[in-house]
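A look at the structure
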Amino acid sequence: MSRPRFQVIAILMCVCLCAFRAQADSLRDRLAQAAKAYVRGDIGVEVQAVDDGAVLFERHAHSLLMPASVAKVVTAAAALQALGPEYQFKTEAWADGVDGDSAKRLYLVGSGDPSLNLESLWLLARRIKKLGIRSIGTLVLDDSRFSQGKERVGQRAYQTGASALSFNYNSVGFDICPGKVGRSASVVVDPWEFGIKLSGTIKTIPGAGGTYSVDEGNAGVYVLGGTIGAERGCVSHYRSVGQPSIYLGRVFQGLASQLGVSVGSVEQGTPRATSSFLFAHP
C-alpha cells in the first residue's frame, strides 16, 4: 500500500529538481546578459549556491582586476567578525628622557587607525602640550604593528599603500583656484605643514574647461602643468604619499610648532624598554 506514496514523493522530488534547474538556468541567462551589457570595464563574477557551494555562474572569476568599491562590504564584514563592533584603533604616545618640559624622544606607535587625519593629529599634539612638554629632541615613528606594509602602486589617492601609521588617508591635497585669464592659478598644498615644494604653473584660460596636471617629481617637488578655466571655480586634487609615517611626522612637527612645542629630528623606530607610556589616542 505504501509503494504509490513513495512514487508520489519521487515524482515531487523530480518536479522540484527540474524547477530548481530551470531557475538556475534562468539565473545563468540573466547574469550572462547583465555581464554582456556591462561595457564600462572588465568585471569578475562568480555566483555560488548557498547550500552546497556549486558554481552557478562565472565570468573572469580568477582574473586579477582592480577591486570595485563594493569590496568595502566584504572588508567590513571580515573586520566585524574578527575585531567586533566595539573595537577602536588606537595610536599610542610613549616617551623617554623626560626632564621638566622636554623629552629626549617622543614615540608615536600606530595600529592602523584609518581615522587618523589632520584634525585628529592636531588633537594628539595638543595632548602632548597639555602634559607640559615644550621640547622634543627626536620624534620616533613606530609603524611596525603591520608585519608587512603595502607599498603604493601609483600617484592617485586611491592607489596609496597601507601602514600602521597611515595618516590623512595617505594622501596630500592641492587646492587649485583659477586667477585672471592669462595668469597662473593659485595652488595651495593641504596640509601645508608637509613642506613640499611646487614647480611649474597652471595657466588660467577663458571658460570652464582646461586640463591640468599635478605630478610628483624628485626630492619632494610636485610639478604643475596645464590649464584651468576661469569660470570653473576652485577644485581639489589629491596625490598619494610614498612614506605615510614620515608624512605624519613632518605634519606633526608643523602642528606642534604652532602650539609652541619644538620638534627636532624625525625618524622611524620603536620604543625602548625604558620608555614610559603617556596615553592612547583617541
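Residues numbered from 1 in each chain as written. Predicted model: local features only at pLDDT ≥ 70, side-chain atom pairs only at ≥ 80, totals over all residues. Heavy atoms only, no water.

**Here we look at the sheet that holds strand S7 (residues 186-190)**
Rules: Two strands are counted as paired when DSSP detects at least two bridges linking them. Here a helix means four or more residues in a row that DSSP labels H or I, a strand means two or more in a row labelled E, and each is numbered from the N terminus. In this analysis, axes come from line fits to C-alpha atoms, helices being fitted only over the stretch in contact, and the angle between any two N-to-C directions falls in the range 0 to 180 degrees.
Taken in spatial order, the three strands line up as S7-S6-S12 in an open sheet, and their pairing is antiparallel. Either end of the sheet is taken by a strand with one partner, and the two such strands are S7 and strand S12 (235-240). Each neighbouring strand pair of the sheet contributes to a mean axis angle of 25°, computed without reference to strand direction. Across six bridges, strand S6 (residues 171-177) lies against S12 in antiparallel orientation. Bridge assignment links Val-172 to a residue of S12, and that residue is Arg-239.

**Re the packing of helix H3 (residues 118-130) against helix H4 (residues 244-258)**
The relative placement of two packed helices comes down to the angle between their axes together with the axis-to-axis distance. This is how it is decided: Any angle that is under 35 degrees is reported as roughly parallel, and any over 145 degrees as roughly antiparallel; angles of 65 to 115 degrees are reported as roughly perpendicular and all others as oblique. Crossings are sorted by hand: turned counterclockwise from the far helix by less than a right angle, the near helix makes the crossing left-handed, and turned clockwise it makes it right-handed. Working rule for contacts: check all heavy atoms of both residues, and any pair within 4.5 Å makes them a contact. Three classes are used: nonpolar for Ala, Val, Leu, Ile, Met, Phe, Trp, Tyr, Cys and Pro, charged for Asp, Glu, Lys and Arg, and polar for all others, with Gly counted as polar.
With their axes 9 Å apart at the nearest point, H3 and H4 run at an angle of 55° to one another. Regarding the angle of H3 to H4, the classification is oblique. Pair H3 / H4 crosses with right-handed handedness. Across from Leu-118, Leu-121, Trp-122, Leu-124, Ala-125 and Ile-128 in H3, the residues of H4 making contact are Leu-248, Val-251, Phe-252, Leu-255 and Gln-258. Residue composition of the contact of H3 with H4, by class: ten nonpolar, one polar and no charged.

**Some words on the packing of aromatic side chains**
The condition is simple: Only the six-membered ring of Trp is used, alongside the rings of Phe and Tyr, when aromatic pairs are assigned; centres must lie within 6.5 Å, and planes under 30 degrees apart are stacked while those over 60 apart are edge-to-face, with the rest tilted.
In total, this model carries five aromatic pairs according to the counting rule given. Between Trp-94 and Phe-277, the aromatic rings sit 5.4 Å apart at their centres with planes inclined by 70°, giving edge-to-face as the arrangement. A residue pair is termed long-range when its members are at least 10 positions apart, and Trp-94 in strand S3 (residues 91-99) and Phe-277 in strand S14 (residues 276-281) qualify at 183 residues. Summarising the aromatic geometry, the rings of Phe-174 and Tyr-222 are spaced 5.2 Å apart at their centres and angled 50° between planes, so their arrangement reads as tilted.

**Quick look at H4**
Operational definition: By this rule the span expected of a helix is its residue count minus one, scaled by 1.5 Å. For each residue, the accessible area found with a 1.4 Å probe, counting protein chains only, is set against the maximum for its type, and the residue is called buried under 20%, exposed over 50%, and partly exposed in between.
The terminal C-alpha atoms of H4 lie 21 Å apart, and with 15 residues this matches the ideal 21 Å at 1.5 Å per residue to within 8%. Within H4, eleven of the 15 residues are buried, which leaves the element mostly enclosed by the surrounding structure. Among the residues of H4, Pro-244, Ser-245, Ile-246, Tyr-247, Leu-248, Gly-249, Val-251, Phe-252, Gly-254, Leu-255 and Ala-256 are the ones counted as buried. Residues of H4 that are buried in the fold lie against strand S4 (102-109), H3, strand S5 (135-142), S6 and strand S13 (262-268). Trailing H4 by a residue or two, Gly-260 shows a phi angle of about 85°, which is positive.

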